[in-house]
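# Descriptive analysis of the structure
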Amino acid sequence: MLEKIFKLKEHHTDAKTEIIAGITTFMTMAYILAVHPNMLAEAGMDKGAVFTATALAAVIGTLCMAMFANYPFVLAPGMGLNAYFVYTVVQQMGYPWQAALAAVFIEGIIFILLTCINVREAIFNAIPTSMRHAISVGIGLFIAFVGLQNANIVIGGSTLLSLFSLENYQNLHGGTGSFQDAGICVLLAVLGVLITGVLVAKKIKGNILWGILITWALGIICQLSGLYVPNPELKLYSLIPDFSAGLAVPSIAPVFGKLNFTVIPLADLGIIVFVLLFMDLFDTLGTLIGVSAKANMLDKDGKLPKIKGALMADAVATTAGAVLGTSTVTTFMESTSGISEGGRTGLTAVVAAILFGAALLISPVFLAIPAFATAPALIMVGFYMMSNVGLIDFHDPGEGIPAFIGIGAMSFFYSISEGIVMAVISYVVINVLSGKAKEKKISVTMYILAGLFVLRYFLI
């Protein structure tokens with residue numbers, strides 16, 4: 001049956017190899033079950049409900065990938081996309097998370113339509129390569145910055161931002177906080193970064209997940225020995241999983257179907273949906289091409305057969321995820337870990353999907369993992385995304401300056417969308433006024449986007 005469904009022999013693999021590959025991929029990206037609910041909780045969403053939505057969205061998206069394309073790629077709510085959801089749409093722009101979910105739903109529907117008429121690939125090709133790399137780098141820096149703040153390694157100070165000190169922390173929190181709560185968490189987060197860095201350097205499989213678990217285990221030891229004392233007032237809770245309710249799956253009711261289409265004005269909604277489309281477009285296509293190249297799945301023209309099915313899986317998963325109560329779902333680069341183990345078909349994806357479903361039964365474990373343990377994961381994800389900076393031609397000012405502006409703006413203005421907007425505008429303006437527009441072969445799409453973004457600043 002497996003041979004008939006997944007064509008294992010045709011792809012030079014077998015069931016045992018595919019099962020091992022699926023387990024490996026799950027292990028390398030299971031960290032999303034701890035990181036993602038923590039992030040969306042900052043938007044005011046119920047952490048337990050988001051955990052359930054995250055697992056279910058991963059199951060649906062990954063099974064769609066197996067059915068539509070028979071590829072060993074695994075999907076889940078994407079890093080960077082969730083950061084835009086929380087820190088830009090909700091916290092900076094001030095819209096409720098219900099409205100942000102509505103924007104994600106609209107994005108998913110549009111992506112389904114664009115995939116049906118093959119527009120997604122055309123849009124991807126219209127954007128300069130340097131800008132694609134700059135967006136990845138900027139989001140990586142932004143995510144690392146979020147991790148540093150979540151762990152209180154970076155806090156407010158006399159210079160706007162400063163390294164953690166107990167005195168500054170107490171000033172920011174009305175005199176509350178001590179080494180036994182806030183201080184020990186910062187120390188554990190720093191240790192977690194170093195531990196995860198060593199695991200990454202040694203190429204340990206599942207290094208990010210192991211980094212989270214080791215850092216969390218050190219925290220539990222500190223709590224049991226009295227070095228760490230929970231302080232709910234500072235949102236520093238017990239690190240020991242609560243199994244008092246048994247293995248019940250957290251209710252999804254607080255976030256399921258809570259989309260609100262009436263709050264965001266049309267102009268802002270257009271910007272939000274476009275940025276989500278833009279980010280997801282490059283995230284998905286870039287990941288699919290990168291992962292496929294590693295697996296030697298690209299054809300002689302460098303294209304991915306069945307890419308339409310893979311893109312459709314992403315679009316359907318995003319739409320379903322919004323209804324479930326989570327941010328944009330996308331293909332994960334961590335799929336390369338399973339491919340490295342020999343995974344070549346959708347059976348790898350099915351195995352990973354089953355494990356995401358099984359994870360629902362041990363929700364108290366993932367929900368007890370604290371922010372200081374997931375912060376190293378965010379920082380390492382930022383490290384991986386920053387690697388694309390070497391692909392930007394900074395020797396060419398027409399490429400390097402817009403890339404630099406976009407990268408810096410994302411973190412300095414705490415807004416991924418502002419970074420993308422400023423990168424697009426500066427790319428067009430600098431190259432047009434310097435007489436390099438024809439040489440750069442700037443697409444009509446870029447001119448239209450730049451014009452719309454400039455108009456946005458005048459209208460807001």
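Description of the structure in this document. What you are looking at is a predicted structure, and each value in this text was computed from that prediction instead of being measured.

## As for the packing of aromatic side chains
Applying the stated criterion across every chain yields a total of 8 aromatic pairs. Relative to Phe73, the ring of Tyr71 lies with its centre 5.2 Å away and its plane at 35°, an arrangement referred to as tilted. Judged by its relative accessible area of 7%, Tyr71 is buried.

## Notes on the environment of Thr374
Within the secondary structure, Thr374 sits in helix α17 (residues 371-386). Residue classification places Thr374 among the buried positions, given a relative accessible area of 3%. Along the sequence, Thr374 and Gly197 sit 177 residues apart, while their C-alpha atoms lie 13 Å from each other. If near-sequence neighbours (up to four positions away) are discounted, Thr374 is found in contact with Ala34, Val35, Asn38, Ile212 and Ile369.

## Structural notes on a nonpolar patch on the surface
On the surface, Ile19, Ile23, Met27, Ile204, Trp210 and Ile214 cluster together into a nonpolar patch covering about 460 Å² of accessible area. Looking at the nonpolar patch, the elements that each hand over two or more residues are α2 (15-29) and α11 (207-225). Ranked by residues supplied to the nonpolar patch, first place goes to α2 with 3 residues. Topologically, Trp210 is positioned in helix α11.

## Some words on the pairing of strand β3 (residues 160-163)
Bridge count between strand β2 (residues 154-157) and β3: 4 bridges; the pairing is antiparallel. Across the sheet, the residue bridging to Gly157 is Leu160, located in β3. Counted between consecutive antiparallel strands, the loop separating β2 from β3 contains 2 residues.

## Quick look at helix α6 (residues 97-116)
For α6, with 20 residues, the first-to-last C-alpha span of 29 Å sits near the 28 Å given by 1.5 Å per residue. By the burial criterion, the buried members of α6 are Trp97, Ala99, Ala100, Leu101, Ala102, Ala103, Val104, Glu107, Gly108, Phe111, Leu114 and Thr115. Downstream of α6 by one or two residues, Asn118 has phi in the positive range, about 60°.

## What to know about the pattern of salt bridges
Taken as a whole and assessed by the stated rule, the structure comprises 2 salt bridges. Lys440 is the salt-bridge partner of Asp396, the closest N and O atoms lying 2.2 Å from each other. Of this pair, Asp396 sits in the loop between α17 and α18 (397-412) while Lys440 sits in helix α20 (residues 437-440), placing them 44 residues apart in sequence. The exposure class of Asp396 is buried, given its relative accessible area of 16%. Between Lys440 and Glu399 there is a salt bridge, and its shortest N-O distance comes to 3.2 Å. With Lys440 in helix α20 and Glu399 in helix α18, this residue pair connects regions lying 41 residues apart in the sequence.

## Notes on the state of the cysteines
Scanning all chains against the criterion turns up 0 disulfides. Sulfur of Cys185: no disulfide; nearest cysteine sulfur belongs to Cys222 and is 8.9 Å away. For Cys185, a relative accessible area of 5% gives the class buried.

## Regarding α17
One turn of an α-helix holds 3.6 residues; hence residues three or four places apart share an orientation. Between its terminal C-alpha atoms α17 stretches 22 Å, which fits the 22 Å expected from 16 residues at 1.5 Å a residue. The element α17 is largely enclosed, with a buried count of 12 among its 16 residues. Along α17, the residues classified as buried are Phe372, Ala373, Thr374, Ala375, Pro376, Ala377, Leu378, Ile379, Met380, Val381, Gly382 and Met385.

## Some points on the packing of helix α3 (residues 32-41) against α17
The interhelical angle for the contact between α3 and α17, taken along N-to-C directions, is 110°, at an axis separation of 10 Å. Judged by the angle between their axes, α3 and α17 are roughly perpendicular. Contact residues: α3 offers Ala34, Val35, Asn38 and Met39, while α17 offers Ala371, Thr374, Ala377 and Leu378. In the contact of α3 with α17, the residues fall into 6 nonpolar, 2 polar and no charged.

## Focus: unusual backbone geometry
Unusually for a residue other than glycine, Asn70 sits at a positive phi of about 55°. Considering the arrangement of structural elements, one finds Asn70 in the loop between α4 (47-69) and β1 (75-77). One non-glycine residue with positive phi stands out, namely Lys203, at about 60°. Checked against the element boundaries, Lys203 lands in the loop between α10 (179-201) and α11. Look at Lys203 and you get exposed, because its relative accessible area is 73%.

## Some points on the side chain of Ser327
Summarising the element assignment, Ser327 is placed in the loop between α13 (307-324) and β4 (329-331). On the basis of relative accessible area, Ser327 is assigned to the buried category, the value being 1%. Discounting residues that sit within four places of it in the chain, Ser327 has contacts with His36, Leu40, Pro77, Asn82, Phe85 and Val104.

## Looking at the environment of Ala253
Structurally, Ala253 can be placed in the loop between α11 and α12 (266-294). For Ala253, a relative accessible area of 46% translates into the label partly exposed. Between the C-alpha atom of Ala253 and that of Leu324, which follows or precedes it by 71 residues, the distance is 8.9 Å.

## Description of the side chain of Ser162
Summarising the element assignment, Ser162 is placed in strand β3. There is a polar contact of 3.3 Å between the side chain of Ser162 and the side chain of Asn168. The residues touching Ser162, leaving out its near neighbours within four places in the chain, are Ile153, Val154, Ile155, Gly156, Gly157 and Asn168.

What counts and what doesn't
- Residues numbered from 1 in each chain as written.
- Predicted model: local features only at pLDDT ≥ 70, side-chain atom pairs only at ≥ 80, totals over all residues.
- Heavy atoms only, no water.
- Phe/Tyr/Trp six-rings, centres within 6.5 Å; stacked < 30°, edge-to-face > 60°.
- Buried < 20%, exposed > 50% of the residue type's maximum accessible area, 1.4 Å probe, protein only.
- Helix = DSSP H or I, 4+ residues; strand = E, 2+ residues; numbered from the N terminus.
- Contact = heavy atoms within 4.5 Å.
- Patch = residues over 30% accessible without salt bridge, like charges linked within 9 Å, V, L, I, M, F, W, Y side chains within 5 Å.
- Areas by Shrake-Rupley, 256 points an atom, 1.4 Å probe, with all protein chains shown as cover.
- Salt bridge = Lys/Arg side-chain N within 4 Å of Asp/Glu carboxyl O.
- Pairing = 2+ DSSP bridges.
- Expected span 1.5 Å × (residues − 1).
- Disulfide = S-S within 2.5 Å.
- Axes fitted to C-alpha atoms, helices over the stretch in contact; angles between N-to-C directions.
- Parallel < 35°, antiparallel > 145°, perpendicular 65-115°, else oblique.
- Nonpolar A, V, L, I, M, F, W, Y, C, P; charged D, E, K, R; others polar.
- Polar contact = N/O pair within 3.5 Å; in protein donor to acceptor, adjacent residues only side chain to side chain.

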